[in-house]
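# Structural features, examined
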Amino acid sequence: MDFPLPVVQTLRELAGGRRWHRTPPIRSSAWGTRHACARKFLLREKLGLKRAAYRPALSRGTLYHEMMASRFLAKSPEDCLATTQASFEKIKDELIAGANAVGLLPGGIDLISTIEDANKDYQVATAMAEAFWAFTSVRDSARWEVVRLGEASSPLVERLLEVQIPGIKTPAVVRCDVVLRDKTNGELWIVDHKTCGISP
């Protein structure tokens, strides 16, 4: 069943390679980069130049989001941990692949200490996800359900959605962490997870 999302003028799902416009969309975070610094926008978003380094906040957030997505997709706790563990192993493999013969990453950063930091970030991310799940009411399936869209009843969990902003030709693409419906009153809640570096 399709549910309306009266949050923006137009909210369309990007799926199956469909294109509803000729102008390619731009990520919402890129809009912020363009507003803050046109030079950074050119180098990062247009030319694709990024610093080759481990980014703790990004990795921590990615691991947390993957674990929460698994939870909302009704996977078992063991499967949730396995999914997040696999993502951490991928991060570790990429770090190892980027190191030189003496174990240094670009910029002279030590590989071993970086992997240790990444492991701590993995532990913090999983702890945050478990803490959130234990204390939040959204795990109550009698009250909350994940909204599904389209003929295939695809769940709105970690999905890219297109937002057409009035007056701006290029649509923005935003990542939706999860859309929930409150069964008691029919309200729709768009959940946006935020993480921090503090262990719960």
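The numbers attached to residues start from 1 for each chain and follow its sequence in the written order. With pLDDT at 70 or above as the cut-off, local features in this predicted model cover only qualifying residues; side-chain atom pairs require 80 or more to be listed or tallied, and sums for whole chains, interfaces and linings still use all residues. Processing note: side-chain calculations cover all non-hydrogen atoms of the structure and skip hydrogens and water entirely.

## Some details on the pattern of salt bridges
How we decide: A carboxyl oxygen of Asp or Glu within 4 Å of a side-chain nitrogen of Lys or Arg is what we treat as a salt bridge. For the purposes of this entry, the term helix denotes a DSSP run of H or I that reaches at least four residues, the term strand denotes a run of E that reaches at least two, and both are numbered from the N terminus. Burial status follows relative accessibility: with a 1.4 Å probe on protein chains alone, a residue under 20% of its type maximum counts as buried, one over 50% as exposed, and anything between as partly exposed.
Per the stated rule, a full pass over the model turns up seven salt bridges. The closest approach of N and O atoms between Arg175 and Glu158, which form a salt bridge, is 3.7 Å. On the criterion of sequence distance, the pair formed by Arg175 in strand β9 (residues 172–182) and Glu158 in strand β8 (residues 157–164) is long-range, its members being 17 residues apart. We classify Arg175 as partly exposed; its relative accessible area is 45%. The class for Glu158 is partly exposed, based on a relative accessible area of 21%. For Lys194, the salt bridge goes to Asp192, with nearest N and O atoms at 3.1 Å. A residue is classified by how much of its surface remains accessible, and Lys194, at 69% relative accessible area, is exposed. Residue classification places Asp192 among the partly exposed positions, given a relative accessible area of 46%.

## Details of the packing of aromatic side chains
Our working definition: Only centres within 6.5 Å qualify two rings of Phe, Tyr or Trp (six-membered ring in Trp) as a pair; their planes then separate them into stacked at under 30 degrees, edge-to-face at over 60, and tilted for everything else.
On inspection of all chains with the given rule, the structure shows three aromatic pairs. Seen in terms of ring centroids, Trp144 and Trp189 are 6.0 Å apart; in terms of plane orientation they differ by 85°. Their pairing is edge-to-face. With Trp144 in strand β5 (residues 144–146) and Trp189 in strand β10 (residues 188–191), this residue pair connects regions lying 45 residues apart in the sequence.

## Describing the packing of helix α3 (residues 56–72) against helix α5 (residues 111–135)
Just so we agree on the cut-off: Lines fitted to the C-alpha atoms define the axes, with helices restricted to the stretch that makes contact. Angles between their N-to-C directions range from 0 to 180 degrees. We call two directions roughly parallel when the angle between them is under 35 degrees, roughly antiparallel when it is over 145, roughly perpendicular when it lies between 65 and 115, and oblique otherwise. The hand of a helix crossing depends on one turn: near helix anticlockwise from the far one by less than a right angle means left-handed, and clockwise means right-handed. A contact between two residues is defined here by any heavy atoms of the two lying within 4.5 Å. In the scheme used here, Gly and all other residues not listed as nonpolar or charged are polar, with Ala, Val, Leu, Ile, Met, Phe, Trp, Tyr, Cys and Pro taken as nonpolar and Asp, Glu, Lys and Arg as charged.
Look at α3 against α5: their axes get within 8 Å of each other, and the N-to-C directions meet at 40°. Considering the angle they form, α3 stands oblique to α5. Once α3 is placed against α5, the crossing between them reads as right-handed. Contacts between α3 and α5 involve Pro56, Arg60, Leu63, Tyr64, Met67, Met68, Arg71 and Phe72 on the former and, on the latter, Asp121, Tyr122, Val124, Ala125, Thr126, Met128, Ala129, Glu130, Phe132 and Trp133. Residue composition of the contact of α3 with α5, grouped by class: 13 nonpolar, one polar and four charged.

## Overview of the nonpolar core
As a reminder, the rule being used: We define the nonpolar core as a collection of buried residues of types Ala, Val, Leu, Ile, Met, Phe, Trp, Tyr and Cys that are connected through side-chain atoms lying within 4.5 Å of one another.
Membership of the largest hydrophobic core comes to 29 residues, with the highest contact counts inside it found for Phe72, Leu95, Val178 and Leu180. Broken down by secondary-structure element, the contributors of at least two residues to this core are α3, α4 (77–98), α5, β5 and β9. Ignoring anything within four residues of it in the chain, the contact list for Val178 reads Phe72, Val146, Leu156, Val157, Trp189, Ile190 and Val191.

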